[in-house]
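Okay, here's what each chain looks like letter by letter:
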Amino acid sequence: MAREIDGNLIATGKEFVVVAARWNERFGEALIEGAVDCLERHGARSEDVTVVRCPGSFELPQVAARVSDRLDPDAVICLGVLIRGETPHFDYIAGEATSGIGALGREGDLPVTYGVLTCDTMEQAMARSGSKAGNKGAEAAEAAIEMANLYESIDELA
Ligand code: RBF
């Protein structure tokens, strides 16, 4: 039978850094709350979870790279809220944040997960950062737990 590996959702004993952009703060704080709550419910100790706030989503990859290097956690979770305005900035910033976070995950040693909302309206931002229709911060945190355990399982096989 084929060997199968995957990552479990046990966060006990693991360290996480949540990097969060300050823009659209009301929704951003709800994403942070969702992420931290998810990590702790899965067993992470509160002293093993660090929240780092940066100016905006454009800066997420820069700060995520820095904390990966200096704090060496088991995974980094990036959170931000972009709401489409009248300017093309939305697309530029969303593109930079998305490709920068992806590149860091590929090129660095750690899992880096993506909880950046790209919304047309405030209503969408509310729905994606709430507790009823789902909280994308919690989803990104859950992915980070799974990825941290998956990397551990892969390393054990190596
Ligand atoms: N950052 C966000 O995280 N979400 C936004 O919706 C957002 N909108 C912006 C719109 C404009 C026109 C500009 C110039 C910046 C915006 N930023 C936003 C901030 C950006 O990510 C970055 O922090 C700043 O441009 C400073 O480098």
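Here, residues in each chain are numbered from 1, in the same order as that chain's written sequence. With the structure being a predicted model, the display of local features is reserved for residues of pLDDT at least 70 and the display and counting of side-chain atom pairs for 80 or more, all residues being used for whole-chain, interface and lining totals. Values shown for side chains rest on all heavy atoms present in the structure; no hydrogens or waters enter the calculation.

(A) Highlighting helix H2 (residues 60-71). Helix length check: H2 (twelve residues) gives 16 Å between terminal C-alpha atoms against 16 Å at 1.5 Å per residue, within 8%. The buried label applies to any residue whose accessible area, calculated with a 1.4 Å probe on protein chains only, is under 20% of its type's maximum; exposed applies above 50%, and partly exposed to all values in between. Numbering goes from the N terminus for both helices and strands, where a helix is a DSSP run of H or I of at least four residues and a strand is a run of E of at least two. Listed as buried for H2 are Leu60, Pro61, Val63, Ala64, Val67 and Ser68. The buried side chains of H2 occupy one side of the element, clustering within an arc of 165 degrees when seen end-on. Those residues of H2 that are exposed and angled more than 90 degrees off the buried face are Asp69 and Arg70. Count one or two residues on from H2 and you reach Asp72, which has phi positive near 45 degrees. By this rule the span expected of a helix is its residue count minus one, scaled by 1.5 Å. Directions from the helix axis toward the C-beta atoms define the arc.

(B) Spotlight on the site of the ligand. Any residue with a non-hydrogen atom lying within 4 Å of a molecule or strand is treated as near it. Taken together, Trp23, Asn24, Pro55, Gly56, Ser57, Phe58, Glu59, Val81, Leu82, Ile83, His89 and Ile93 make up the full set of residues near the ligand. In the analysis that follows, any N or O atom pair within 3.5 Å is treated as a polar contact, provided that within protein one partner can donate a hydrogen and the other can accept it, and provided that, for residues neighboring in sequence, both atoms belong to side chains. In the model, an oxygen atom of the ligand is placed 3.0 Å from a nitrogen or oxygen of the Phe58 main chain. Here an oxygen atom of the ligand and a backbone polar atom of Ile83 are 3.4 Å apart. Computed with the Shrake-Rupley method and a 1.4 Å probe, the accessible areas treat only the protein chains shown as cover for residues. For the ligand, whose free accessible area comes to 540 Å², the fraction covered by protein is 70%. Elements supplying a minimum of two residues to the shell around the ligand: strand S3 (75-83) and helix H3 (89-107).

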